[in-house]
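Descriptive structure summary
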Amino acid sequence: MHKELPIFRSDGAADEVTPARTHAPRGVFIKTYGCQMNVYDGERIAGLLAPLGYRSVPSPADAELVVLNTCHIREKAADKLYSDLGRLRETKAERGDAMMVAVAGCVAQAEGAEIQARAPFVDIVVGPQAYHRLPELIARAARGQGVVLDTDFAVEEKFDVLARDRQAASVSAFVTVQEGCDKFCTFCVVPYTRGKEVSRDSTAIIAETRALVQQGVREVTLLGQNVNAWRSAAPAGDGGRDWTLGQLCRALAKVDGLARIRFMTSHPRDMDDELIDAFGEEPKLMPFLHLPVQSGSDRILAAMNRGHTAEAYLKIVSRVRAVRPDIALSGDFIVGFPGETDKDFAETLGLVRAAGYASAYSFKYSRRPGTPAASLPKQVPEGEKDARLAALQALLTAQRDDFCKGLVGRTLPILFERRGRQPGQLIGRTPYLQSLHASAPDSLLGKVALVRVTAVTPNALAGDVTEAARSTLLDAETSRG
Ligand code: 5AD
Ligand code: SF4
């Protein structure tokens with residue numbers, strides 16, 4: 001994933017970090033790699049720096065500050081950083097102090113020393129819990145103190161600072177409610193790079209959501225590495241019991257003007273009754289569940305330290321379907337975990353057939369130094385991983401296509417988010433998260449309207465806005481003005 005956003009640079013004036021002061025425009029180039037959490041962090045970094053005068057520029061060559069917002073989850077993602085740094089080295093050599101380079105995100109957290117050794121021209125190394133201190137770090141780097149490193153964990157402070165500096169929002173917005181992971185799957189670096197599970201306070205989340213709705217947001221996606229591990233004290237006046245994610249979704253559903261709520265990514269071990277019931281009872285909670293399982297073999301699930309069996313996973317899926325039969329299920333899979341046999345892999349295919357997915361991500365196991373699985377015997381040869389990945393993806397693609405084809409002819413509520421490439425075309429999302437384009441008036445932007453799905457295109461659905469939706473906006477009672 002690649003995103004370029006506004007940010008900034010250093011010069012002597014960067015010592016001044018008070019947002020109240022007016023700063024001359026400066027160029028910033030941000031590149032984000034990896035997951036939704038990172039995309040969100042990239043946006044928050046941009047929002048944090050914009051008041052200081054930083055605006056987006058199209059390439060590092062035009063930027064006074066380059067931020068590489070990195071991902072460490074698979075080897076390929078980390079390799080990409082080093083190859084990008086290799087290219088930046090020349091630009092930095094030409095521009096010297098006129099361009100500052102910051103490496104942010106999970107590779108910064110995990111490999112700070114290696115980054116310094118392999119790319120000594122990097123000015124700032126900042127972990128995912130310390131972005132909010134970037135203005136200060138830039139000021140320090142500008143004073144020429146050598147590389148500035150900040151990889152402390154102080155997540156609650158970050159939630160608050162970054163939320164406050166949010167930029168103008170669109171129709172759909174991310175709200176980070178939880179960070180970190182205590183699950184320690186044996187293949188995964190996240191518990192080491194993002195730290196332990198920390199939840200953001202419910203009152204702050206509700207307040208941020210209200211503020212977003214005031215700015216025109218109609219849909220929030222609650223983000224967290226283990227979002228359904230979210231726990232918080234109930235707001236004052238709501239009894240003594242702590243809230244879990246189901247209660248948070250219900251509270252957010254009461255925010256006037258908010259049309260849709262989503263959350264990702266969930267862990268099967270944290271799917272409690274409260275959350276499952278919310279799918280059945282709360283119409284604003286969209287029928288889409290991203291619930292990674294990784295493997296269908298109990299032997300491999302145990303070696304991965306997932307803490308659940310294939311049967312337990314399928315039971316959760318059927319409990320969710322019992323209350324919300326149209327739920328679109330999404331998952332993550334890893335093929336070629338050490339010791340995975342043909343039989344284990346066949347069990348993964350069996351689980352996919354039994355669960356039925358509307359979308360999924362699948363990966364070849366990537367050996368991550370420092371994780372327990374990296375030193376397991378019986379690493380699976382690359383060719384074998386390739387073959388399994390191809391077979392799994394063929395099955396998942398067929399399921400996704402079937403799911404999409406099953407929607408043709410149906411009339412669905414679509415939240416229109418932006419203009420399409422064709423004149424008179426808008427792009428929106430189905431409740432199941434697919435993109436849909438339709439010819440529709442601009443007055444439907446930011447609104448939910450009924451659309452009859454007419455076709456499946458390679459990356460989206462196509463539909464016709466119903467006559468009723470053209471004349472009466474479905475969500476008039478919740479839309480602002
Ligand atoms: N190798 C391959 N895939 C991985 N993931 C996490 N760590 C690894 C790894 N070492 C995948 C998992 C996870 C998703 C975010 O990335 O499927 O759910
Ligand atoms: Fe990684 Fe497992 Fe935590 Fe997900 S639950 S972030 S895969 S350790």
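Structure's up top.
In this report, the structure presented in the accompanying data block is examined. (Residues numbered from 1 in each chain as written. Chains lettered and ligands numbered in written order. Predicted model: local features only at pLDDT ≥ 70, side-chain atom pairs only at ≥ 80, totals over all residues. Heavy atoms only, no water.)

Comments concerning the site of ligand 1
Around ligand 1 sit I73, R74, F187, Q294, D332, I334, F363, K364, Y365, S366 and R368, and those are all the residues in its vicinity. Residue D332 places a side-chain N or O atom 2.6 Å away from an oxygen atom belonging to ligand 1. Mapped onto the shell around ligand 1, the elements with two or more residues apiece are strand 15 (328–335) and strand 16 (359–364). Per-class residue counts for the shell around ligand 1 are 5 nonpolar, 2 polar and 4 charged. (Near = heavy atom within 4 Å. Polar contact = N/O pair within 3.5 Å; in protein donor to acceptor, adjacent residues only side chain to side chain. Helix = DSSP H or I, 4+ residues; strand = E, 2+ residues; numbered from the N terminus. Nonpolar A, V, L, I, M, F, W, Y, C, P; charged D, E, K, R; others polar.)

Digging into helix 13 (residues 382–405)
The first and last C-alpha atoms of helix 13 sit 34 Å apart over 24 residues, in line with the 34 Å expected at 1.5 Å per residue. Residues K385, R388, L389, L392, L395, L396, Q399 and C404 constitute the buried set of helix 13. Buried positions along helix 13 lie against strand 15, helix 12 (342–355), strand 16, strand 20 (448–457) and strand 21 (460–465). (Expected span 1.5 Å × (residues − 1). Buried < 20%, exposed > 50% of the residue type's maximum accessible area, 1.4 Å probe, protein only. Contact = heavy atoms within 4.5 Å.)

Here's the deal with the packing of aromatic side chains
Two numbers describe a pair of aromatic rings. These are the distance of the centres and the angle of the planes. Taken as a whole and assessed by the stated rule, the structure comprises 6 aromatic pairs. Ring centres of F187 and F337 lie 6.4 Å apart, and the angle between their planes is 80°; this geometry places the pair in the edge-to-face category. Here F187 is found in the loop between strand 8 (178–179) and helix 6 (190–193), whereas its partner F337 is found in the loop between strand 15 and helix 12, with 150 residues between them in sequence. In terms of burial, F187 and F337 fall into one category: buried. Each residue in the set F187, F337 and Y365 is aromatic and connected to the rest through ring pairs, giving one cluster. Here the basic side chain of R118 rests over the ring of Y82, its NZ or CZ set 3.7 Å away from the ring centre. (Phe/Tyr/Trp six-rings, centres within 6.5 Å; stacked < 30°, edge-to-face > 60°. Lys NZ or Arg CZ within 6 Å of the ring centre and 35° of its normal.)

Let's talk about helix 1 (residues 36–49)
Every α-helix winds through 3.6 residues per turn, so residues three or four apart in the chain are directed the same way. Taking 1.5 Å of rise per residue, the 14 residues of helix 1 would be expected to cover 20 Å, and the 20 Å separating its terminal C-alpha atoms lies within 8% of that figure. Most of helix 1 sits inside the fold, with 13 of its 14 residues counted as buried.

Focus: the nonpolar core
Soluble globular proteins: nonpolar side chains tend toward being buried together. Core analysis: the largest hydrophobic core is formed by 53 residues, its most contacted members being L222, L245, L248, I261, F263, L289 and Y357. The element contributing the most residues to this core is helix 8 (residues 245–253), with 6 residues. With residues up to four places along the chain from it excluded, the contact list for L248 reads V177, S202, I205, I206, L222, W230 and W243. One finds M37, L223, A438 and A440 within the second-largest nonpolar core, a separate group that totals 24 residues. (Core = buried A, V, L, I, M, F, W, Y, C linked by side-chain atoms within 4.5 Å.)

Structural notes on the pattern of salt bridges
A complete count under the given rule lists 27 salt bridges for this structure. Salt-bridge contacts for R388 lead to E340; the nearest nitrogen and oxygen are separated by 2.9 Å. Taken as a pair, R388 in helix 13 and E340 in the loop between strand 15 and helix 12 lie far apart in primary sequence, 48 residues in all. R388 gets classed as buried once you look at its relative accessible area, which sits at 6%. Between E347 and K343 there is a salt bridge, and its shortest N-O distance comes to 3.1 Å. Of this pair, E347 and K343 both sit in helix 12, 4 residues apart, roughly one helical turn. Overlapping salt bridges bring together K31, K80, D84 and R87 as one network. (Salt bridge = Lys/Arg side-chain N within 4 Å of Asp/Glu carboxyl O.)

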